[in-house]
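Close look at the chain arrangement
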Amino acid sequence: MQRKYNPYQNMLQVMEEAACELGFHEDDVVTFTHPERELQVSVPVRMDDGSVRVFQGFRVQHSSLRGPCKGGVRYHPDVEMNEVRALAAWMTLKCAVAGIPYGGAKGGICVNPSELSQGELERLTRGYVDQIAPIIGEHRDVPAPDVGTNAQVMGWIMDEYSRLCGRDVPAVVTGKPIALGGSLGRQEATGRGVMLCTERTASKLGLTPSECRVAVQGAGNVGFAAARLLSERGYRVTAISDVSGGVLCEDGLDFRSLRAFLDRPGALLREYDAPGAVHITNRELLTCGCDILIPAALENQITGEIAKEVRARVIVEGANGPTTNEADEELGKRGILVIPDILANTGGVIVSYFEWVQNLQSVAWSLDDVNEKLYTVLTNAYEAVWELAQERGVTHRMAANMLALRRLVETRRSRGVCVA
Ligand code: NAD
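Anyway, here's the lowdown on the structure attached to this text. No experiment lies behind these values; they were computed from the predicted model shown.

All right, on to the state of the cysteines then. In the structure shown here, the tally under the stated rule is zero disulfides. C212 supplies the cysteine sulfur nearest to C197, a cysteine that is in no disulfide, at a spacing of 15 Å. Its sulfur unpaired, C249 is 12 Å from the next cysteine sulfur, which belongs to C288. We classify C249 as buried; its relative accessible area is 7%.

Dropping the structure here:
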C-alpha cells in the first residue's frame with residue numbers, strides 16, 4: 001500500500017538535513033521539531049436551509065520565539081492537522097528567512113468554501129474566531145489569508161475578534177479590506193514577491209524576459225498576480241491553470257481577458273476560450289515546455305514521477321511545499337534550479353508585517369512605500385540565500401533552511417530554553 005504523503009515529515013526531514021549541514025547539536029533544534037501549541041475546534045453553523053453542520057477547524061502555533069505567531073487561514077476540503085502543522089512550521093522558517101520579527105502559525109477549516117453562501121461563510125468564520133480567540137491576538141498570533149480565504153474573510157475575523165474584546169483590534173489579522181486598516185499592496189504582495197524572485201533569478205542566469213516562457217499552476221491570489229506582473233514585465237506567460245485544468249497559448253496569454261473571465265462567479269479555466277489557446281491538464285502544465293515553472297496552487301504537486309518530466313530550467317515555488325522531497329532530489333540530479341517556497345512566497349508575509357506595523361502605529365503608507373520596502377526586504381533575503389548556496393555548495397532550498405535555522409538557533413541561544 002502506498003504510504004500517504006505527510007507534509008510535516010517532509011518539512012522535518014529538510015530541517016534535520018539543514019541542522020546537520022550547519023553542525024548543530026540535536027538540543028539546538030529539538031524545540032523546532034515540536035509545534036508550541038495545537039488547537040482543534042468544532043464549529044457549528046446554522047445553514048441557510050435551517051439545518052446545523054459542524055466543521056472541523058485548526059490553529060497550530062509552531063513557534064513564537066522570534067515574535068508573535070503569524071500565518072494564514074485555509075478553507076479547503078483537504079485541511080487536516082498534519083498539513084496545518086507543516087504549514088505552520090514553514091511560516092516560522094519563512095519569517096526567519098525574511099528577517100521579520102514573527103514566529104509561525106497556520107490555521108484552517110475543512111470545508112469547500114465554494115459550496116457555502118456568503119452568509120454561511122460569515123457564520124462559519126465568526127464561529128471559528130470565537131473558538132480560537134483565546135490563543136490569537138495582536139501580540140500573540142496574527143492570522144492572514146491563504147487558499148480559499150480572502151480580504152472579506154479577514155474583515156469578518158477582525159470584526160468578530162474586536163466584538164469579543166469590546167474595542168477595535170485591527171492588528172489581530174492582516175490581509176484585511178483597506179477600509180478596515182488593510183495595507184495597500186497586500187492583496188498582490190505574494191505574487192509580487194514571486195515575480196521579484198523570478199526576475200532576479202532570470203537576471204542571475206542571464207535570461208532576458210522576452211526569451212522566457214513561463215507556466216503557472218494556480219490562478220488564485222498568488223498565481224494570477226505573479227503571472228500578470230511577469231507578463232507586464234515582458235515575460236511570455238504561456239500557460240496557467242486552476243483546479244479544473246489549464247490553458248496554454250504559445251504566443252502568450254492575454255491577462256485582461258483572463259481577469260474578466262475569472263471575475264465571473266464560478267468561473268473555471270476549463271471553460272476559458274481565446275484565440276490560440278488550447279486546454280491542458282494540470283499534469284501537462286507542470287511538464288509543458290517552458291523556461292520558468294511557477295507552482296502556485298497547493299503542496300505536493302511536483303512528485304518524483306512528475307519531476308522526471310519537468311522541462312523548465314527553473315522552478316519558483318509560489319505555493320507552500322509544492323515539491324516533494326523525492327521530486328527535489330530528482331530535480332537536483334537533472335540540474336533544475338529551484339527557488340524555494342520559504343523564500344519565493346515571502347512577499348505576502350512581508351507586507352502582512354507592514355500592515356501590522358501600520359495598524360499598531362495608526363498610520364497608512366502609500367503603495368510606492370509598501371512596494372519599495374517589500375523590494376528591499378525580499379532582495380536582502382534573496383541575496384543572503386543565494387550567497388549561502390554558493391558558499392556552501394548546497395541547493396537554494398537547503399540554503400534557505402540553513403539561513404532560517406541559523407537565525408532561530410541564535411535567538412534560542414540568546415533567550416535560553418524554558419525548563420520551568
Ligand atoms: P487561492 O485559493 O487564491 O488560489 C488557489 C488556486 O489553485 C486556484 O486557482 C485553484 O483553482 C487552484 N487549485 C486548487 N486546487 C488545485 C489542484 N488540485 N490542482 C491545481 N490547481 C488547484 O490560493 P492562494 O492564496 O493563491 O494560495 C496558493 C498557494 O500559495 C498555497 O500553497 C498557499 O499556501 C500559498 N501562499 C499563499 C499566500 C497568500 O498571501 N495568499 C502567501 C504565501 C503562500
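Let us now look at the sheet that holds strand β5 (residues 141–145). Taken in spatial order, the five strands line up as β1-β2-β4-β3-β5 in an open sheet, and their pairing is mixed. Edge strands, defined here as strands with exactly one partner in the open sheet, are β1 (37–46) and β5. Pairs of neighbouring strands in the sheet enclose a mean axial angle of 25°, with direction left out of account. Two strands pair when backbone bridges link them, and strand β2 (residues 52–63) and strand β4 (residues 104–110) are joined in this way by six bridges, in the antiparallel orientation. Looking across to β4, one finds that V60 is bridged to K106.

Here we take up the site of the ligand. R74, D146, T190, V222 and N320 are the nearest of the 24 residues found near the ligand. D146 has a polar side-chain atom sitting 2.7 Å from an oxygen atom of the ligand. Taking A297, its main chain carries an N or O atom lying 3.3 Å from an oxygen atom of the ligand. Coverage of the ligand by the protein chains reaches 85% of its 830 Å² of free accessible surface.

With that out of the way, let us pick up the environment of Y375. In this structure, Y375 sits in helix α14 (residues 367–392). For Y375, a relative accessible area of 41% gives the class partly exposed. Sequence-wise, Y375 and I350 are 25 residues apart; in three dimensions their C-alpha atoms are separated by 9.9 Å. Residues within four places of Y375 in sequence aside, it is in contact with L196 and R200.

Cut-offs applied
Residues numbered from 1 in each chain as written. Predicted model: local features only at pLDDT ≥ 70, side-chain atom pairs only at ≥ 80, totals over all residues. Heavy atoms only, no water. Disulfide = S-S within 2.5 Å. Buried < 20%, exposed > 50% of the residue type's maximum accessible area, 1.4 Å probe, protein only. Pairing = 2+ DSSP bridges. Helix = DSSP H or I, 4+ residues; strand = E, 2+ residues; numbered from the N terminus. Axes fitted to C-alpha atoms, helices over the stretch in contact; angles between N-to-C directions. Near = heavy atom within 4 Å. Polar contact = N/O pair within 3.5 Å; in protein donor to acceptor, adjacent residues only side chain to side chain. Areas by Shrake-Rupley, 256 points an atom, 1.4 Å probe, with all protein chains shown as cover. Contact = heavy atoms within 4.5 Å.

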